[in-house]
Every structure is written in C-alpha cells, then in structure tokens.
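# Structure assessment
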Amino acid sequence: MLDNNKGEGRWALTPIALVAFLLLLSWPPLTSGVAPSRSSPSADFALSGAGTHRAPGSVTPDRLTAATGSAVPIPAGGREAGATRAAEAPTPSSQVNPFLGHSTEPAPMGIADFGVSGSGGGSSAYEYATTTFQASAQVDSMHISATSGSTTVKVAAFELNAVLVLQLGGVNYSYWIQNGLHLDSTTDRYTIGGAYVWNFSSPTARLGSSELRGNSSSVLLTDTYYFVPSCGSFPGDCSPLTLPANLTARIALSTCGPYPCVAYEYDVGAGWVTYDSVSFLHMVGATPVGFVVDGHQYTPLGTGTFYDAEWDWVAAGGGLSGRDDGSEIEMALDFWNGHNYQAVPSAWNFGGDTGENSFNVTDSPLASGGGGAPRANLTSGPGTLGVLYNGSSVGFLNVTTPTLAPATLKVDGVAVSLRGGSANLTLGGGAHAVSLLNYSNASLPATVLPGQTTALNFSGAGRTAFEKSGLPAATVWGVTVDNLTHTGPSSLLTFNLPNGTYAVWYAKVPGYVENASNPTMLKVPALSPIPVGWSPYTFAVPVDESGLPNGTAWWVNVSGSVVEGASTTLFVTVPNGTTNFSVGSAYEFVASPPAGTIVVSAGRFSPVEVQFSYRPAFIAGTVSPSDANVTVGGFPQVVLAGTFNASVIPGAYQIIASAPGFVTQTYEVNATPGNVTVQSVSLSPLTAPPSSVPTSNPPPGPEPWLVLGAALVVVGAASGILLWRRSRNA
C-alpha cells in the first residue's frame, strides 16, 4: 500500500515523484513487484499504494447478472439495508481455486472468504452479497519486519478487501475496495493506511477522472483511486495504542444523494470514524448488488482475481512481504446479513486480491473466540495455507426475538446487536449460552452442530398480557405501551417488553369508559395478565312516578341495577342505546307501565313516566234472602242469584244488608291486595215487640181452645208439684 504522509515516518511520493516512479517501473522488475500493466495478461504488476495483483490469464463471463438472477440485488438507502443470499449447491468444476494466487507463504495471511467451503472433491461453492463487511483484529503483541532495499519497514497493514458490484443497464460493474489500517510494531503507533478503489470490470478497465468523487485530497493515478489523510485529520490517527488493542475496519455501501457510495470506517477504541466516502458518479440509477462473495467464478479482470472478502495482515508498502518476528493476533471477518453482523460461513487463512504478504506466520482457527464465533489466531512460526474453518467445525444458530426493534443478544458472554426480530450466527460446534438482554424469561442453552442450523426462539421473552373485562366479546380495544400499540377484539393483548417501567395508554372504546383501576404505568417483569376493566358510559335518566301516597317507597330496575327511593323522581344511569327497565312498589300498588325500554340516542333521552294505582281487592259472598240490598263501604252492590262481588281498594269496609221483614245486618271486613274476602250475608226475620197499651185494632190472638188447653196444663203441673212437696214432708 502507498503511504504518502510526509514527515510522519511514512512513504512519501509527490506527484512528480509518482510519475518518475511509474517510469522506473517500466524497467526490469524489482524483487518486490513488476510494472503495472493490465494489458499484459501474463505479467505480475504492482499497483501504486495497493500491492501486487495478478493480471488475468483468461476472462470468464460475469455470472452476477440480472439475467441469471444468481445474486440478490441489495437495495440502496442505508448502510445496513439489504440482505444476503444463501449459498447455492454448485458442482466442483464451477469453483474457483483459492490456491491459484498463493499456495505457500509468503501470502496475505489472515482470514478470507473465497465462496468455497474447502479443497478437494468434497468442497462446494456458494455466493452471497452484503452491504457491509466488518473486520476486527485484537492485537496482544506484534513484531513484523520487511526489507525494501536498504530500508527495514516495521509497519503492519491490516487490509479489508472486497469487490463491489453495481448493475446499470443490465451490465455489472465490479470495483475492488480496500480499507487499510496501519500499526507500527516498534512504537504501536496507529495510522490510517488509506481508502482505495480499482476497476475490475474488465481486463482493460480503468478509472476515469469523472468516475469517482471522494475526499478533496484524494488522488486518481492511472487506474487507482486512493486517499491517505495527513496526521491529525481524524481522531486517533498517528497516535500510539496501548496493547492489547482492538482495531476494527468497515466498508459500507449506501447512497450519497443520487449516487451509490462506499464509506471507509475504522474504530480503534474511541468509536466509529468515517474518514472517506467515495461516490460512483456515473452510476446514477444503478442497482447496488453489494459486496459480492462468489466461489463459482473469477472477476472480469481475469483468472486469479477473486470475488472474495479478506482481512489480511501484511507488511505496509507496495508489494512488500513482512516476516512475523513474534506476534499474538486474533482476527475476525463478519458480514451484515440484514439483521446482525455474522462471521463468514467458511474461511481460509489467507487472501488473494492484494500484493502485500507476510510469512513465518502460523494462522490457525480459534473457534472459542469472542461469543463462540470462529476467528483466526496468528502467531509467529512457519505456517501452511488452507481452510481455517468450514462446515466440519462450525454451524449456524438462528435466533428469533419478540421485537423488530434493535435488541442485544449475549452469546457466551459477548454482546451481539441485532434488529428485525431475528439473528443468524456462525458459531463453533458445541454448547453455547444465549440470552436476550433486558428481557425476562430470556436465557436458553443452545447446542450447535457442525454443518447444521440450530433454531432458538425467544418469542415468549418478556411476555406481558393485558386482559379486558366489561366489554362485549367482539369489541375492538387497544393498549399502547411505550409507543407500541396492539389492538383487536380478543380478550388478551400481548406485548413482549424489555424489563423496565413504561407509560400505558388505552384506546377509547365508544360507549365505554375505562375503570379507575386500570394501570397507567407498567413495571416489567409484571404479573400477567393485567386486568383492564371497562364500564359503559352512562347518562342519568329521570323516572317520574305519580299515584303513590307520599313517603311510599318504590324502585326502578335497570339491567339488574336497582335504584330505590320514596321521592316522586328516581334517576337511573343507562348507556347510549336501548336499555330495558322495570318498576314496582309495595304489593298493594300496581305500576303502569310495569316495564319498558329507555332509549338514549347520542346522549339524548326523554324522562320516563310511571303511574301507580292500588292493586284491586275483592269482597264477595252469598245473600239471604236473595233479594236483600247490600252496600260495601256505602256503595250499593249488585246482587244476582243471591251473590255479590265488590272490587275495592285494600282496606277495612262495612257491609250492610237489609230487606223488608228482616233485621238489617252490618258486617266488618278487611280487604287485602289482590285477594278475595268472602263474607256471607244472612238476615233474620223481624219479631213483634211487647206493648202495655192495647191498640184499637189488637192483633189477632190464639184460638180459645188453645188457651184453655194451655191453662189446664199449667193447673195440672201446679197440682203435681204440691202433692210432691207434701209426700217429702210426710
């Protein structure tokens, strides 16, 4: 890589010097490289500031076209928009050969995804596209040296390389993207290695002067775009790091106005810094396919250049090879899968699309790295090139979460950010501890089997349910918790909420009012279900009575709710619509109407009028003689066939019966409500009263013989009594 930062211990080339440098390259090649010549397919060449690339020996058609549909286009509109495509099942003959560029050290050592699962007959090729590659290097210790003439360079370059594909008018355009971070192994000083772009669209492709736009200080030299900032331009640049330290690089596809663009980013411990953003000015309206990994074919530049993604640890400087003099480095390469950053599905311990190299490097897998994700472990010592990991040692974990919002998993103690309700992780085979942070009931063990996908479902985590009451069964209701709203007719509305305290709102239900007991704040975890009560929204409707004696109690029953009182008006509460009612009082009174409906329409109603009257009572009986006159309570009654039947209000009554020649008779009776009081009336004939004054017309007397006989009887009786007394005295 080219390092043009003057006065800071970097390689420094002025534009004049660069031209001279290119002229010198036309002479016989140096040990570090040969003159760049894309038109010479058999030559190795050094690209300024980038390293050595192999020119194509042959060109294969670009199969990532709209016609084949073998790659999923990644829509523009955001750094982390888009998705990936799962690997296809290829035939071995369609695979690229990762060893075509390097088979032994020196090589770009680190971690790379060629889209090929392994070597030999059992391997397979796959492809995917992503909007973002992210790579990290944990540097515990580092010692590297490279000799260039009489100069020894001890600066390492961490290079993140990938091929960007943009499609315009049915034609694919391929660009090699490189984000370089430098670390001085003597001083532990960090510097920005630079942002680079090359055109891989054909064997003779070049970058035009109006094709790209990046930082105003960037350079376009022949076929290379690069920007290497001066010290102090960006946070952390040209500052020493304290080891162990973590260096993270990222290349992210998005849009800048109407153009596709790539952001170059780094993080050395103080947060993400974007130090360059390159727009592709001639690609207005292009479909951004994404950064492509394709193990089926080489790039259009030619055989030996790969659609791969690689994170290389090499000597800093065009075409240099660095010797590992004693290092301890862990390296990881991730891609954005639409939900989270995921370790590449399989990896090799070396790359192919760069000219810088390293050697005396033992690059071995570290499957127990951060969060169970596979990593490369680089130490000093002779190494061999090959597969770092594949389906024989790693598998996949698919996690479902209860929220589409950003969330955090913890996998073997390491946080993994995700969004969209799921995550897919590449993990070493074995048991892993997984939890969803900030949710209750969200810790599950997972066993990942090599070459297989294990599913883990946290959809029930943080479950909190609200249960309605007081509403008709089909009534739609709604609850909002922390700006998340659920509605529906079901009796339960369920949320999956992280632990915490939330404000709660309830949607209005026409005709009903929520009860005062409904919570307005919710603390999760919470006992569930949470009751949410509703009552009909009611109006006070007057019911007026008449006919009852003052102080008489009466009542109104509305849908089972009874209002009672002794005033002439009682108020009942009813909702909009039609409500049944009934009224009543003591048994002796009858209401008219006894029942009915109260109609409230849009809050309007009319008072209900009720008329009370006494419940009728009856007094009945037989009369002798049958033609006697009968009054009940002073009112004459009709006597038919010797009977009468009087309808009266409850109370005490006198029955008076009279007839010529009979003694007038009076009866006292008590009539009770709704009952028949029976009273028989029977009159006695009149008899003559005694008198001492004869009348001029005395009433006729008895016959003389009857008087005489009676006298004789009296005399005889007296004689007998005298004789009985005498005999007792003797």
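Residues numbered from 1 in each chain as written. Predicted model: local features only at pLDDT ≥ 70, side-chain atom pairs only at ≥ 80, totals over all residues. Heavy atoms only, no water.

### As for the sheet that holds strand S32 (residues 422-428)
Just so we agree on the cut-off: The criterion for strand pairing is that DSSP finds at least two bridges linking the strands in question. Secondary structure elements are defined from DSSP: runs of H or I of at least 4 residues count as helices, runs of E of at least 2 residues count as strands, and each element is numbered from the N terminus. Here an axis means a line fitted to C-alpha atoms, over the contact stretch when the element is a helix, while the angle between two N-to-C directions is reported on a 0 to 180 degree scale.
Read from one edge to the other, the open sheet built from three strands follows the order S32-S29-S35, with strand pairing classed as mixed. Strands with a single pairing partner mark the edges of an open sheet, and in this sheet they are S32 and strand S35 (453-457). The mean angle between the axes of side-by-side strands here comes to 25 degrees, regardless of whether they run parallel or antiparallel. Note: strand S29 (residues 394-400) against S35, five bridges, orientation parallel. Paired with leucine 397 across the two strands is threonine 454, which belongs to S35.

### Some words on the packing of aromatic side chains
Formally: Classification of ring pairs rests on two measures: the distance between centres of Phe, Tyr or Trp rings, Trp counted by its six-membered ring, which must be within 6.5 Å, and the angle between planes, read as stacked under 30 degrees, edge-to-face over 60 and tilted in between. Exposure is judged per residue with a 1.4 Å probe applied to protein chains only, and the accessible area is read against the type maximum: over 50% gives exposed, under 20% gives buried, and values in between give partly exposed. For a lysine, the NZ atom is tested; for an arginine, the CZ atom; a charge sits over a ring if that atom is within 6 Å of the ring centre and within 35 degrees of the ring normal.
All told, the structure shown has 27 aromatic pairs when counted by the stated rule. The interplanar angle of 75 degrees and the centroid separation of 5.8 Å between the aromatic rings of tryptophan 554 and phenylalanine 612 together place this pair among those described as edge-to-face. In this pair, tryptophan 554 sits in strand S45 (residues 554-558) while phenylalanine 612 sits in strand S51 (residues 608-614), placing the two residues 58 residues apart along the sequence. Here tryptophan 554 matches phenylalanine 612 in class, with each residue buried. Following the ring pairs from residue to residue traces out a cluster consisting of Phe99, Phe114, Tyr298, Phe306, Trp348 and Phe350. Between arginine 615 and the ring centre of tyrosine 587, over which it is positioned, the NZ or CZ distance is 4.1 Å.

### Here we look at the confidence of the model for the chain
Reading predicted coordinates in detail is not appropriate for stretches of low pLDDT. Inclusion rule: Confidence scores here are pLDDT values: one per residue, from the predictor, ranging 0 to 100. Here, two residues are considered to be in contact whenever any of their heavy atoms come within 4.5 Å of each other.
Mean pLDDT over the chain stands at 83; residues scoring 70 or higher make up 81%. Overall, residues 1-92 carries pLDDT values under 50, and its contacts beyond four positions in sequence, including any with other chains, amount to 241 contacts. Within the model, pLDDT remains below 50 along residues 704-730, and this stretch shows one contact once partners closer than five positions in the same chain are excluded.

### Considering the layout of surface pockets
As a reminder of what qualifies: Every definition here rests on a 1 Å grid over the protein atoms only: cavities are sets of points where a 1.4 Å probe fits but cannot get out, pockets are open sets enclosed by protein on both sides within 12 Å along at least five of seven lines, and lining residues have some atom within 4 Å of a point. Grid points are joined across faces, edges and corners, and a volume is the space filled by probe spheres set on the points. Residue polarity is assigned by list, with Asp, Glu, Lys and Arg as charged and Ala, Val, Leu, Ile, Met, Phe, Trp, Tyr, Cys and Pro as nonpolar; anything else, Gly included, falls into the polar class.
Approximately 790 Å³ is the volume found for the second largest pocket. Along the wall of the second largest pocket there are 36 residues; nearest its centre are Gln134, Asp334, Tyr341, Val414 and Ala415. Of all the elements in the fold, those that place two or more residues in the lining of the second largest pocket are strand S5 (132-141), strand S15 (245-256), strand S22 (328-336), strand S23 (341-343), strand S31 (414-418) and S32. Each residue belonging to the lining of the second largest pocket can be placed in one class, and the counts come to 17 nonpolar, twelve polar and seven charged.

### Thoughts on the state of the cysteines
Working definition of a disulfide: a covalent bond connecting the sulfur atoms of two cysteines. Stated formally: Here, the term disulfide refers to a pair of cysteine sulfur atoms separated by no more than 2.5 Å.
In the structure shown here, the tally under the stated rule is two disulfides. Note on cysteine connectivity: cysteine 256 is disulfide-linked to cysteine 261, with sulfurs 2.1 Å apart. Because the torsion about its S-S bond is 75 degrees, the bridge between cysteine 256 and cysteine 261 counts as right-handed. Exposure remark for cysteine 256: the relative accessible area of 28% places this residue in the partly exposed category. With cysteine numbering restricted to those in disulfides and following the sequence, the chain has the pairing 1-2, 3-4.

### Describing the nonpolar core
Nonpolar side chains tend to gather and get buried jointly when the protein is soluble and globular. The following threshold applies: Here the nonpolar core consists of buried residues drawn from Ala, Val, Leu, Ile, Met, Phe, Trp, Tyr and Cys, with membership extended through side-chain atoms lying within 4.5 Å.
Judged by nonpolar contacts, the single largest core of 74 residues is most densely connected at Phe133, Phe158 and Trp311. Per element, the largest residue contribution to this core is six residues, and it comes from strand S8 (residues 155-168).

### Quick notes on the environment of valine 504
Tracing the sequence through the fold places valine 504 in strand S40 (residues 500-506). Counting along the chain gives 24 residues from valine 504 to threonine 480, while the straight-line C-alpha distance between them is 5.7 Å. Residues contacting valine 504, with those up to four places away along its chain left out, are Phe466, Val479, Thr480, Val481, Pro519, Thr520, Met521 and Leu522.

### What to know about unusual backbone geometry
With an omega of 5 degrees, the peptide bond running from serine 528 to proline 529 counts as cis. At aspartate 188, a position not held by glycine, the phi torsion is positive, near 60 degrees. Looking at where aspartate 188 falls in the secondary structure, it is placed in the loop between strand S9 (171-184) and strand S10 (189-199). Positive phi outside glycine occurs at asparagine 360, with the angle close to 60 degrees.

### A look at the sheet that holds S51
The pairing of strands in a sheet happens through backbone hydrogen bonds and is either parallel or antiparallel. Here four strands make up an open sheet; going across it, the order is S47-S44-S51-S49 and the pairing mixed. Looking at strand neighbours, the two that pair on one side only are strand S47 (569-575) and strand S49 (589-592), the edges of this open sheet. Within this sheet the neighbouring strands show an average axis-to-axis angle of 30 degrees, counted without direction. Strand direction decides the pairing type here: strand S44 (residues 538-546) and S51, joined by four bridges, are parallel. Of the residues in S51, the one forming a bridge with serine 546 is glutamine 611.

### Brief notes about the environment of serine 233
How we decide: Whenever a nitrogen or oxygen atom comes within 3.5 Å of another N or O atom, the pair is scored as a polar contact, on the condition that within protein one atom can donate a hydrogen and the other can accept it, and that pairs from neighbouring residues in sequence are kept only if both atoms are in side chains.
Looking at where serine 233 falls in the secondary structure, it is placed in the loop between strand S13 (224-227) and strand S14 (239-240). In the structure, serine 233 is positioned 41 residues away from isoleucine 192 in sequence and 9.9 Å away in space, judged by C-alpha atoms. There is a polar contact of 2.8 Å between the side chain of serine 233 and the backbone oxygen of serine 230.

### Topic: the environment of glycine 386
As for its placement among the helices and strands, glycine 386 is situated in the loop between strand S27 (375-380) and strand S28 (387-389). Here the alpha-carbon distance between glycine 386 and phenylalanine 99, two residues 287 residues apart in the chain, equals 8.4 Å. Setting aside residues up to four positions removed in sequence, glycine 386 forms contacts with Phe99, Trp348, Asn349 and Phe350.

### Quick look at the pairing of strand S21 (residues 321-324)
The side chains of a regular strand alternate, first on one face of the sheet and then on the other. With burial as the criterion, only one face of S21 is covered, namely that bearing Gly322 and Asp324; the residues Ser321 and Arg323 on the opposite face remain uncovered. Bridging between strand S6 (residues 144-148) and S21 involves two bridges; their strand directions are antiparallel. The residue bridging serine 145 from the neighbouring strand is arginine 323, located in S21. Note that S21 and strand S25 (residues 357-359) share three bridges and pair parallel. Looking across to S25, one finds that arginine 323 is bridged to phenylalanine 359.

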